[in-house]
Amino acid sequence: DESDEEDDGMFDVEKLQSEHDALNGSFASARQNFTQRGPWRLPTEIKSKFKDVAKVMLSNISKADVYEIFKEPVDENDVPGYSDAITSPMDFGTMISKVEKGLYGGGSDAAISFYKDFLLVFDNCNKFNEGEGEVLDEATLVLKVVPLNFAKSCQEVMKRRKGKK
């Protein structure tokens, strides 16, 4: 499993950028791009740095969420019917809280859970918006950058680690 680390392109920023640029703008293509390599894992040299990677990633991905659609839990008063339709809500604010409280755990197991929560955020949006509309269009723009952002966040943490030696 470790030997496949570089081969699948999960951390290959150039390849991920090229795949990002080739997406057609649909939610389906962005989701396929997100899921094609399976759940995330951390590069061996930063296995113990999940919290750092997650914080960098959430900070960067929050910038992509320019309308702050995913910043905090959906408020039933603002979006009636949401809690009836979505049984497992997730948002970036909740994810940040889970990272800070250590609720994801550590290492690649944490990265897998983190990946699943990202997927949940976007799948919930797709489900509630019935596959169309401006909110889903914005969600697609954010989802498109997630794989590239994960690789760049891992690289940033690796560079910091090397700088401390």
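Everything here concerns the structure above.
These numbers were taken from a predicted model, which means no experiment stands behind them. (Residues numbered from 1 in each chain as written. Predicted model: local features only at pLDDT ≥ 70, side-chain atom pairs only at ≥ 80, totals over all residues. Heavy atoms only, no water.)

> For the pattern of salt bridges, give the residues involved together with the corresponding values.
One pass over the structure, following the stated rule, counts five salt bridges. A salt bridge links E68 to K71, with the nearest nitrogen and oxygen atoms 3.8 Å apart. Assessed through its relative accessible area of 47%, E68 is described here as partly exposed. Overall, K71 belongs to the partly exposed group, its relative accessible area being 45%. (Salt bridge = Lys/Arg side-chain N within 4 Å of Asp/Glu carboxyl O. Buried < 20%, exposed > 50% of the residue type's maximum accessible area, 1.4 Å probe, protein only.)

> How would you explain the packing of aromatic side chains if you had to name every residue and give the values?
All told, the structure shown has 16 aromatic pairs when counted by the stated rule. With 5.6 Å between their ring centres and 65° between their planes, F34 and W40 make a pair best called edge-to-face. Each member of the pair, F34 as well as W40, is classed as buried. Aromatic rings pair up to connect F11, F34, W40, F50, F70, F92, Y104, F114, Y115, F118, F122 and F150 into one cluster. (Phe/Tyr/Trp six-rings, centres within 6.5 Å; stacked < 30°, edge-to-face > 60°.)

> Tell me about the environment of I61, residues and numbers included.
You can see I61 is positioned in helix α3 (residues 50–64). I61 sits in the buried class, given a relative accessible area of 0%. Along the chain, I61 and F122 lie 61 residues apart, while their C-alpha atoms are 13 Å from each other. What I61 contacts, discounting residues up to four positions off in sequence, is F92, F118, V142, V145, V146 and N149. (Helix = DSSP H or I, 4+ residues; strand = E, 2+ residues; numbered from the N terminus. Contact = heavy atoms within 4.5 Å.)

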